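Coordinate inspection notes
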Amino acid sequence: MSKRIFKYELGACERQTLSLPVSSTLLSVASQNGHLVLWAEVDTDLPERNFEFAVCCTGEESPESYTFFLGTVQISELVFHVFALN
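This report concerns the structure included in the present document. Please read all numbers here as calculations on a predicted model, not as lab measurements.

Here the focus is the overall build of the protein chain. Each helix and strand in the protein chain was counted, giving 0 helices and 7 strands. Along the chain direction, N to C, the helices and strands of the protein chain fall in the order β-β-β-β-β-β-β. Computed over C-alpha atoms, the radius of gyration of the protein chain comes to 13 Å, within 12% of the 12 Å expected from 2.2 N^0.38 for 86 residues, which places it in the range of a compact globule. Considered along the principal axes of its C-alpha atoms, the protein chain spans approximately 40 × 30 × 15 Å. The buried share among the 86 residues of the protein chain stands at 37%. Restricting the contact set of the protein chain to residue pairs at least 6 apart, pairs at least 24 apart contribute 63%. In the protein chain, which carries 5 positive and 11 negative side-chain charges, the distance between the mean positions of the two groups comes to 9 Å.

Below you can see the structure in the form of structure tokens.
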């Protein structure tokens, strides 16, 4: 077992998919150097699976169903709300 914390960049779009090891723990989202990023604890020895996310701006419709809310991130005048969908 080789657990590490990795950073992944998210786009400012409605839905997106990242390939992460199967037992990944999603930790937090924040702004770093003007980019929306996600940190996750991953076991690099395990195979990957797709994790789906929704990133919504304030005032946009939020997803009808989601696994959990990761957080709100402000980048300049834009505010993003990040949801894990599976």
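Turning next to the sheet that holds strand S1 (residues 3-10). For sheets, the rule is that strands pair by backbone hydrogen bonds, running either parallel or antiparallel. Taken in spatial order, the 3 strands line up as S1-S4-S3 in an open sheet, and their pairing is antiparallel. A single partner strand is all that each edge strand has here, and the edge strands are S1 and strand S3 (25-32). Each neighbouring strand pair of the sheet contributes to a mean axis angle of 25°, computed without reference to strand direction. Note: S1 against strand S4 (residues 35-43), 8 bridges, orientation antiparallel. Note on S4: the bridge partner recorded for tyrosine 8 is leucine 38.

Basis of the calculations
- Residues numbered from 1 in each chain as written.
- Predicted model: local features only at pLDDT ≥ 70, side-chain atom pairs only at ≥ 80, totals over all residues.
- Heavy atoms only, no water.
- Helix = DSSP H or I, 4+ residues; strand = E, 2+ residues; numbered from the N terminus.
- Rg over C-alpha atoms; globule rule 2.2 N^0.38 Å.
- Buried < 20%, exposed > 50% of the residue type's maximum accessible area, 1.4 Å probe, protein only.
- Contact = heavy atoms within 4.5 Å.
- Lys, Arg positive; Asp, Glu negative; His and termini not counted.
- Charge placed at Lys NZ, Arg CZ, Asp CG, Glu CD.
- Pairing = 2+ DSSP bridges.
- Axes fitted to C-alpha atoms, helices over the stretch in contact; angles between N-to-C directions.

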